[in-house]
Amino acid sequence: MINERILNGLLMLGLIAVPLWALWADEPFTITLTTRVVILALAAAGLNIALGIGGLVSLGHAVFFGIGGYTMGVLAYHAQTFTPLAEWPWVIEGTKSMPVIWVSAILLAALAAFVIGILSLRTSGVYFIMITLAFGQMFFFFTISWSAYGGEDGLSIYVRNGFPGLNTLVPIQFYGLCVGLLCVVLFLTSRLIHSPFGLALNAARQIPSRVETVGLNPMRLKLLAFVISGAVTGLAGALFADLNRFVSPTMFSWQMSGELIVLIIIGGVGRLFGPVLGAIVFVALEHWLGGISDYWHIFLGLILLLIVLFARGGLVGLLTGKEGPHV
Amino acid sequence: MSEAILKTERICKNFGALQACQDVSIDLRPGEIHAIIGPNGAGKSTLIAQICGSLRPTSGTVEFTGRDITDTGTAARARLGLGRTFQISALAMEDSVLQNAVLGALGASGHPWRFWRPALADKDLRMRAESALQRVGLVEQMHARCADLSHGQRRQLEVAVALTLAPKAFVMDEPMAGLGAGGSRTLTGFLDELRAEAPILLVEHDMDAVFALADRISVLVYGRIIATGSVDEIRRDPTVREAYLGEDP
């Protein structure tokens, strides 16, 4: 058993050391791989706010991941073809600026989460899972038939979007941006967990009737958690699209939503660094076992099974023990 | 007698053909403990649910501090000053005792939309929570995980959370449930003093506690109030003895 803070520190150190080693050893592919880890961790960190603290098992978080991706895709596509995105009522141009794309992705994903949340939070349990899944499938099939932006084939963006003062085409620089954003999100999440809002949300997950009888509305607490969660996953989606310089309806697929849940379960539901450890394990398995067999998911399933049966707190729980009450 | 703080006016609740609550009119006046007793299935929980807002009556009205709250939600009723304790402890079991009490204080403050400073570092919330824990005698255990508390301590915490709200009236659903004789006596003493602060509508099976505490008792049988009166009146009432106390008159 090790202290959870020490484990978190080690994971963070690993996320900094590994790419630096890769830079020194001239292994750019390892940097790309760790970038993938960081972006998936960010997407799952978003879901962790809804699922881990709020108890909202959303099987539709690919919606926000995809919205982030398509925000980047559509804006960059118009910028690279020099066509305006809209001419009425205002002229909206495309952009290749990452900060603008990020803010747009966050806002659009938050808006979608607000609408989906208002409709879905009337249900709970398995119905909530199903309704969020249904929204995910709606977006998936919509983008498949959205021929203006590539339909089923998706959209390729030829040059990675820019960030002031950096050359984002250099893998380590793009990685630095991603890991920076992950740090910011994890730090804000750790503040949020202990804040009055986090305390109330945490109680709303465990016992909504109690929260109501002290005069708070558990639905509103959960709705805001869902919106914040969607916004973070949306940001991750924009980064993911920029990593691959490609977006396709796959980002909206239910398998994507499922993967995010799997990441969190492997890492540790509700644990701050659960998504990070989950993403590391997931990408590592995908890389090594994927190289051995196309059917590597069998092993992933086996690991998932073992964790669900024997280590309910995920790997973070396995390594650090049960979480004490926040004092 | 002064104006009632909490009042139901001929409320009825039907579940299909079942009339769980028929023409129930009760009131709660300042300074009193009004006990509701009745056999299992008499409709006590249904009545509480309508008073606290989780069920809406089929007909009739609920009034609190002079305003009609029949269509007001549970959370809004709590904000108006209706403090409730549950029959089965409704606490965040994974959280500490202090966190549960701070949740109550947070509800009372009405400002849960704060995202930066830790809730437990907030002086006002903390003071309010700790003074409530102090009053029920749980300050020593405040850092314990709620799931590790004994049953009796959970009942105490349940009351403490209601106290943080500084309510204008309490609705307590079997606060003595599952308490041993000692615990029951302590809580009885505590409720006895509490009534001066805010009146208590008390649903309770523990007859010793009811007879020791209540200023008035209402007897609910098959969804109807069959009698309301002082402890002595209820003890003597032949219909009550027949329906509830199970004795031949």
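None of these values were measured; they are calculated from a predicted model.

Visitor: Even after reading the chapter, I still don't get a nonpolar patch on the surface, so can you show me in this structure?
Guide: Residues and elements named next belong to chain A. A cluster of nonpolar side chains, Ile 2, Ile 6, Leu 10, Leu 13, Leu 318 and Leu 319, forms an exposed patch at the surface whose accessible area comes to about 550 Å². Of all the secondary structure elements, the ones that give two or more residues to the nonpolar patch are helix H1 (4-24) and helix H13 (314-320). Broken down by element, the residue count for the nonpolar patch peaks at three residues, all from H1. Residue placement: Leu 13 occurs in helix H1. According to the relative accessible area criterion, Leu 13 is exposed, its value standing at 54%.

Visitor: Can you walk me through the side chain of Thr 189 of chain A in this structure?
Guide: Residues and elements named next belong to chain A. Secondary-structure assignment places Thr 189 in helix H6 (residues 171-194). Given a relative accessible area of 9%, Thr 189 falls into the buried group. With sequence-adjacent residues up to four places away left out, Thr 189 is seen in contact with Ile 49 and Leu 272.

Visitor: Explanation requested: the packing of helix H3 (residues 97-109) of chain B against helix H4 (residues 123-136) of chain B in the structure shown.
Guide: Residue and element names in this part refer to chain B. Two numbers describe how H3 lies on H4: the axes approach to 8 Å, and their chain directions differ by 120°. Judged by the angle between their axes, H3 and H4 are oblique. Crossing of H3 against H4: the hand is right-handed. Contacts between H3 and H4 involve Val 97, Leu 98, Ala 101, Val 102, Ala 105, Leu 106, Ala 108 and Ser 109 on the former and, on the latter, Leu 125, Arg 126, Arg 128, Ala 129, Glu 130 and Leu 133. Across the contact of H3 with H4, the residue classes break down as 10 nonpolar, one polar and three charged.

Visitor: What is the right way to look at the pairing of strand E4 (residues 33-37) of chain B in this model?
Guide: Consecutive side chains of a regular strand alternate in pointing toward one face of the sheet and then the other. All names here are of chain B. Where burial is concerned, most of E4 is hidden: five out of the five residues are buried. Because side chains alternate across E4, one face comprises the buried residues Ile 33, Ala 35 and Ile 37, and the other comprises His 34 and Ile 36, equally buried. Pairing of E4 with strand E9 (residues 200-203), which is carried by four bridges, proceeds in the parallel orientation. By the bridge assignment for E9, Ile 36 is matched with Val 203. With four bridges connecting them, E4 and strand E10 (residues 216-221) associate as parallel partners. Of the residues in E10, the one forming a bridge with Ala 35 is Ile 217.

How each quantity is defined
- Residues numbered from 1 in each chain as written.
- Chains lettered and ligands numbered in written order.
- Predicted model: local features only at pLDDT ≥ 70, side-chain atom pairs only at ≥ 80, totals over all residues.
- Heavy atoms only, no water.
- Patch = residues over 30% accessible without salt bridge, like charges linked within 9 Å, V, L, I, M, F, W, Y side chains within 5 Å.
- Areas by Shrake-Rupley, 256 points an atom, 1.4 Å probe, with all protein chains shown as cover.
- Salt bridge = Lys/Arg side-chain N within 4 Å of Asp/Glu carboxyl O.
- Helix = DSSP H or I, 4+ residues; strand = E, 2+ residues; numbered from the N terminus.
- Buried < 20%, exposed > 50% of the residue type's maximum accessible area, 1.4 Å probe, protein only.
- Contact = heavy atoms within 4.5 Å.
- Axes fitted to C-alpha atoms, helices over the stretch in contact; angles between N-to-C directions.
- Parallel < 35°, antiparallel > 145°, perpendicular 65-115°, else oblique.
- Left-handed = near helix turned anticlockwise from the far one by under 90°.
- Nonpolar A, V, L, I, M, F, W, Y, C, P; charged D, E, K, R; others polar.
- Pairing = 2+ DSSP bridges.

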